[in-house]
Every structure is written in structure tokens, then in C-alpha cells.
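Residues per chain, in single letters:
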Amino acid sequence: MIAAPANDIEFRSVTKRYGSVTAVSDINLAVPKGAFVALLGPSGCGKTTCLRMIGGFEQPSEGTVLIDGREMNGVPPYRRPVNMVFQHYALFPHFDVEQNVAYGLKQARPKLAASEISARARQALEMVRLGGYEKRRIHEMSGGQQQRVALARAIVNKPSVLLLDEPLAALDKKLRTAMQIELQTLQRELGITFVLVTHDQEEALSMSDMVCVMNAGRIVQMAKPQDVYDKPADLFVADFVGKTNRIAATVEAGGATLRLPNGTALATGSTIGLRPGAATVALRPEAIELVRQTNGSGSQLIGTVTHRIFLGSTAEYQINVDGLGDFLVTADRRSVQESDLVEPGERVVLTFDPGKVHVFPA
Ligand SMILES: Nc1ncnc2c1ncn2[C@@H]1O[C@H](COP(=O)(O)OP(=O)(O)OP(=O)(O)O)[C@@H](O)[C@H]1O
Ligand SMILES: [Mg+2]
């Protein structure tokens, strides 16, 4: 017996060039069977190009893409066990909802019976919560409903891999959240591998079990959502995923102390020796706690509240820290007493756990 490969999708040193543009540069990637992977990165970093190479719509300039352990070089899209929901999904406007979904099944050879095609199309529509909409015309559906028709069309012939290119980008926040939950449920029900492309970091973190952060054609970090957030591999990831305060600093000889430009010394909280020299410090806004200034001193950051912005369940503060400039601080309003919320103009002390400070060589 041959053991089934553990990876559904694999990139081996894949590079894709369009003329002089290198869209994807020497990528190695392994997506386990049944995983939900998000490709996250800024516009133009190569996300769609990666997806198109999995789908067979583009061929790598160098390297190999494997699906289910098989090399895909030269294998056309319709011979791959993959379906793709495109960034600009194209439904057939002259077909009704069911005909759109059934389209792929009608192309199947050997031919399927009409009754089976209809039953499977309806089942796919049920899965995206569109049962009862079979006979609607596409232009009579809302954007979010059309998006779900595109999804139903992609899952109807049970691909082993589903490629989703910004599938929820057009939806409002509420519908997007609802669809995110539906997509996750769908993925678990179907047990198939999902590769989701998004430039929305919240979407990537909340939906996937593995996030692949890309920048300029390369993968900069591939890790669990929580690790991408808590242990960013570099300054780009720290900046791109979530908000972060950046401070220029110097790692002093020995590597245990950070000297900030205003003279403040911080313990690095790291037992791993940092290389002495110029560095950049990254600190999440929610890792900082604000307390009203007391007379206690020491190695503290002190500043003046300049702005307070309410964001519903959280409040964001802009603090002008003495000698360091503007800091962003987030306070969870559920855990902070109303009387503890500081006001613009107040002097405050910024406290934080040194273990939450990330140090990157400059
Ligand atoms: N057919 C093409 N010909 C030439 N250059 C291309 C082509 N397709 C993509 N590119 C370039 O390759 C790079 C990566 O493009 P890609 O579409 O993969 O980006 P993306 O990460 O999906 O961006 P977005 O978030 O804007 O959709 C970009 O610089 C883009 O201009
Ligand atoms: Mg794209």
C-alpha cells in the first residue's frame, strides 16, 4: 500500500516572472491536507499569482507545484482536483442560480444524469444557505448572495482543494463576518483544503489555521495565527499584522538592555543575547497599560494624552511620550472602569511587560 501524501499542495522553489517583473520569488510551501491556509500580504505581493499556479492558470517559471503528491507541470486547470473562486468572480448573468451552480457538473464526462446534476446543485446551494433561490436570476441577487453562488459553483463538484481569491472583499463588515463563519463551517463539513487569499489581516487571523505572510513575492512567515501576531518574524510582519508602535533603540553591550533615544533603559526580557547595536523595537498598543502619573520614577515612559478615540468595545489613545513621540495605546473598555479612562491632556505612565517587547536588528 502506498501511503497518502500528507501535503495537499506543495511549492518547491517556485519562481514566477512576467517579463522583467518577478511576481513570486523562490517560494517553498507545504499545505497539509484539510488545512485552512491564508495567504496574507499587501497589494502586488504575489498572492493571486500563487493561487493561479495552484489552479493551473499560470505555470511557474522555475520550480514545481505538487498537488496530492503529483507534479502539476503542464497539467491544465480542468485536470486538477482544484476549484477556484476568482478575485473578480464571474457568474453567468443569463443563467439562473441553479444553472450557474450546475454548469461544472454538466461538463463532467462521463455524463451525469439530469436528476443527479439538479440534486447536487441544490445540495451545494443549501451549503451556502441559498436553498430556495434556485430559480432566481443573477441580477436579482445581492452582492453577498452572488458571492455565495460563486462559492456553491466552486464546491459543487467536490474539489479536494478550494482556492479563494479575496472572496469576501466586496461585502460589508457584518455580512463578511457572517460569511467568514459560514466558510469555516463549510470547510469543516467538507473536510477539504482551503487556500484563502486576503489582504485583510483580521480575516486571515480569524479564519485560518495557518497564515502565510507574503511580501514582495516572498513568504516572510508561515505560522499559526496567534504566533504570527505574538511572534512576528520581522518588522514587516509586526507592522502589517495588527498595529504596532515602532521605536528606534540601541541594544547595549551584553544584549540585556535597550536604550531608547530619550535615555530610558529597558530590560529586553530576553535571555537570548541580542546583538549590540542599532535596533527597532515593536510594541503592540494593547500590551501597554496606562496609569495616572504618580511620583514613582525609574525606567518609565511618561507622556501626555493627546487623543482618545472610542471604537465601541475598545478605546484608542494617542500619547505623546516625552522624548519619543507618538504612541498608540489600546484599552479594553470592558476591563477598565469608566473612572480609570484617562482624558486628553492628562499625564500618564506607560507600563508593559518587557516580554511583550519585540526587538529587531535595524
Ligand atoms: N499577467 C501579468 N503580467 C505582468 N505582471 C503581472 C501579471 N500578473 C501579475 N503581475 C505582477 O505580479 C505582481 C504580483 O501580482 P499578484 O496579482 O499576484 O498580486 P496580489 O498579491 O494578488 O495583489 P492584490 O492584493 O492587489 O490582488 C504584481 O507586481 C503584478 O503587477
Ligand atoms: Mg490578487
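Our structure's up above, just so we're on the same page.
Our subject in this report is the structure included herewith. These numbers were taken from a predicted model, which means no experiment stands behind them.

## Some words on the pattern of salt bridges
Between side chains of opposite charge, a pair can form when the charged atoms approach closely.
Phase 1 of the analysis: In the structure shown here, the tally under the stated rule is 19 salt bridges.
Phase 2 of the analysis: The salt bridge involving Asp68 is made with Lys33; its shortest N-O contact spans 2.7 Å. Here Asp68, found in the loop between strand E4 (62-67) and strand E5 (70-71), pairs with Lys33, found in the loop between strand E2 (21-32) and strand E3 (36-40); they are 35 residues apart in sequence, far enough to count as distant.
Phase 3 of the analysis: Take Lys33: its relative accessible area is 41%, and that puts it in the partly exposed class.
Phase 4 of the analysis: Among the salt bridges present, the one from Arg308 reaches Glu343, with a minimum N-O distance of 3.4 Å. Separated by 35 residues along the polypeptide, Arg308 in strand E16 (residues 301-311) and Glu343 in the loop between strand E18 (325-332) and strand E19 (347-351) bring together distant segments of the chain.
Phase 5 of the analysis: On the basis of relative accessible area, Glu343 is assigned to the partly exposed category, the value being 38%.

## Things to note about the environment of Gln221
Phase 1 of the analysis: Its location among the elements puts Gln221 in strand E10 (residues 218-223).
Phase 2 of the analysis: Between the C-alpha atom of Gln221 and that of Gly104, which follows or precedes it by 117 residues, the distance is 36 Å.
Phase 3 of the analysis: Residues in contact with Gln221, not counting those within four places in the same chain, are Val211, Cys212, Val213, Asp227, Val228, Lys231, Pro232, Ala233 and Val237.
Phase 4 of the analysis: Of the polar contacts made by the side chain of Gln221, one reaches the backbone oxygen of Lys231; its length is 2.9 Å.

## Considering the sheet that holds strand E15 (residues 289-292)
Phase 1 of the analysis: The sheet built from five strands is open, its strands ordered E15-E19-E16-E17-E18 with antiparallel pairing. Because the sheet does not close on itself, it has two edges, and the strands there are E15 and E18. Strand-to-strand twist in this sheet, taken as the mean axis angle between neighbours without regard to direction, amounts to 45°.
Phase 2 of the analysis: Sheet topology note: the E16/strand E17 (residues 314-321) ladder contains eight bridges and is antiparallel. Along E17, the bridge assignment pairs Arg308 with Tyr317.

## Thoughts on the site of ligand 1
Phase 1 of the analysis: Taken together, twelve residues form the shell around ligand 1, and within it Ser43, Gly44, Lys47, Thr48 and Thr49 come nearest.
Phase 2 of the analysis: Within the backbone of Cys45, an N or O atom sits 3.2 Å from an oxygen atom of ligand 1.
Phase 3 of the analysis: Here Thr49 contributes a side-chain N or O atom positioned 2.5 Å from an oxygen atom of ligand 1.
Phase 4 of the analysis: Compared with its free state, where it exposes 640 Å², ligand 1 has 61% of that area covered by protein.
Phase 5 of the analysis: Here the shell around ligand 1 gets three residues from one element, more than from any other, and that element is helix H1 (residues 47-55).

## Observations concerning the packing of helix H4 (residues 143-155) against helix H5 (residues 173-190)
In helix packing, the relevant descriptors are the interaxial angle and the interaxial distance, both defined with respect to the helix axes.
Phase 1 of the analysis: Interaxial distance between H4 and H5 falls to 12 Å at its minimum, and their mutual angle equals 15°. Considering their axes alone, H4 and H5 lie roughly parallel with respect to each other. Taken as a pair, H4 and H5 cross one another with a handedness that is right-handed. For the pair H4 and H5, contact is made by Gly144, Arg148, Leu151 and Ile155 and by Leu175, Met179, Glu182, Leu183, Leu186 and Leu190, respectively.
Phase 2 of the analysis: Here the contact of H4 with H5 is composed, by residue class, of seven nonpolar, one polar and two charged.

How each quantity is defined
- Residues numbered from 1 in each chain as written.
- Chains lettered and ligands numbered in written order.
- Predicted model: local features only at pLDDT ≥ 70, side-chain atom pairs only at ≥ 80, totals over all residues.
- Heavy atoms only, no water.
- Salt bridge = Lys/Arg side-chain N within 4 Å of Asp/Glu carboxyl O.
- Helix = DSSP H or I, 4+ residues; strand = E, 2+ residues; numbered from the N terminus.
- Buried < 20%, exposed > 50% of the residue type's maximum accessible area, 1.4 Å probe, protein only.
- Contact = heavy atoms within 4.5 Å.
- Polar contact = N/O pair within 3.5 Å; in protein donor to acceptor, adjacent residues only side chain to side chain.
- Pairing = 2+ DSSP bridges.
- Axes fitted to C-alpha atoms, helices over the stretch in contact; angles between N-to-C directions.
- Near = heavy atom within 4 Å.
- Areas by Shrake-Rupley, 256 points an atom, 1.4 Å probe, with all protein chains shown as cover.
- Parallel < 35°, antiparallel > 145°, perpendicular 65-115°, else oblique.
- Left-handed = near helix turned anticlockwise from the far one by under 90°.
- Nonpolar A, V, L, I, M, F, W, Y, C, P; charged D, E, K, R; others polar.

Limitation: the analysis is restricted to geometry and does not speak to function.
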